[in-house]
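Here are the chains, one letter per residue:
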Amino acid sequence: QVQLVESGGGLVQPGGSLRLSCAVSGSIVSIHAMGWYRQAPGKERELVAGISSSGRTTYADSVKGRFTISRDNAKSAVYLQMHSLKPEDTAVYYCNLGQFLSFGYRPTDFWGQGTQVTVSS
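These numbers come from a predicted model, not from an experiment.

Peer 1: What should I look at first to understand the state of the cysteines in this one?
Peer 2: What makes a disulfide is a covalent bond joining the sulfur atoms belonging to two cysteines. Per the counting criterion, the structure on display carries one disulfide. Here Cys22 pairs with Cys95 through a disulfide, and the sulfurs are 2.2 Å apart. The disulfide joining Cys22 to Cys95 has a torsion of about -90° about its S-S bond and is therefore left-handed. Taken together, the positions of Cys22 in strand S3 (residues 18-24) and Cys95 in strand S9 (residues 91-101) put the pair 73 residues apart, joining distant regions of the chain. Across the pair, exposure class does not vary: Cys22 and Cys95 are buried alike.

Peer 1: In this structure, what is going on with unusual backbone geometry? I would like to understand it.
Peer 2: Outside of glycine, negative phi angles account for most residues, and trans bonds account for most peptide bonds. Phi is positive for Ser76, close to 50°, though the residue is something other than glycine. Residue class for Ser76 comes out buried when judged on its relative accessible area of 6%.

Peer 1: Even after reading the chapter, I still don't get the packing of aromatic side chains, so can you show me in this structure?
Peer 2: Each aromatic ring pair is described using two quantities: the centre-to-centre distance and the angle formed by the ring planes. With the rule as written, the count across this model stands at three aromatic pairs. With 6.1 Å between their ring centres and 50° between their planes, Tyr37 and Tyr105 make a pair best called tilted. In this pair, Tyr37 is assigned in strand S4 (residues 33-39) and Tyr105 in strand S10 (residues 104-111), connecting sequence segments 68 residues apart. By the burial criterion, Tyr37 is buried, and Tyr105 matches it. Measuring from ring centre to ring centre gives 5.0 Å for Tyr37 and Trp111, while their planes differ by 70°; the resulting arrangement is edge-to-face. With Tyr37 in strand S4 and Trp111 in strand S10, the pair connects residues that are 74 residues apart, well separated along the chain. A residue is classified by how much of its surface remains accessible, and Tyr37, at 7% relative accessible area, is buried. Note on Trp111: relative accessible area 28%, which makes it partly exposed.

Peer 1: Sorry if this is basic, but what is going on with the sheet that holds strand S8 (residues 77-82) here?
Peer 2: Two pairing modes exist for strands in a sheet, parallel and antiparallel, and in both the strands are linked by backbone hydrogen bonds. What the four strands build is an open sheet, ordered S1-S3-S8-S7; its pairing is antiparallel. Pairing within the sheet leaves two strands with one partner each, and these edge strands are strand S1 (4-7) and strand S7 (67-72). In this sheet, neighbouring strand axes are inclined to one another by 15° on average, regardless of whether the strands run parallel or antiparallel.

Parameters and conventions
The numbers attached to residues start from 1 for each chain and follow its sequence in the written order. Under the rules for a predicted model, residues below a pLDDT of 70 receive no local features and side-chain atom pairs below 80 are neither given nor counted, while totals for whole chains, interfaces and linings still include all residues. Excluding hydrogens and water, the side-chain values take into account all heavy atoms of the structure. Disulfides are defined in this document as cysteine sulfur pairs within 2.5 Å. A run of H or I in DSSP counts as a helix once it spans at least four residues, and a run of E counts as a strand once it spans at least two, with each numbered from the N terminus. Throughout, exposure labels follow a simple rule: accessible area from a 1.4 Å probe, protein chains only, divided by the maximum for the residue type, with under 20% read as buried, over 50% as exposed, and the rest as partly exposed. Pairing of aromatic rings covers Phe, Tyr and the six-membered ring of Trp, with a centre-to-centre limit of 6.5 Å; geometry is then stacked below 30 degrees between planes, edge-to-face above 60, and tilted otherwise. Note on pairing: two strands pair once DSSP finds at least 2 bridges between them. Whenever a helix is involved, its axis is fitted only over the stretch in contact; in every case the axis is a line through C-alpha atoms, and angles between N-to-C directions fall within 0 to 180 degrees.

Here is the structure:
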């Protein structure tokens, strides 16, 4: 069974930084696209960033220039480096296996458990 294990969430002040990590069982990161999603209370789950098996990336306009998605295929892991965090970034962040198609990133049903990111003074 595919398992995604996340870490790195927490409480930070506005303007601060966090690095989220997602380790995937089965050493399949190298052949799959990966993505980070987030969901705030009362809002739909939204794509934050995606990365293809070859390293091509896509970002939501709201995080472009502040967040960076990366992958380490040897470690079967994907990361989300977040800088200049804002209160509106507060959400549960989820790691996902997906497909990087010509029209955009498409998630599969394989999700991590989610990790809480709270940006507050």
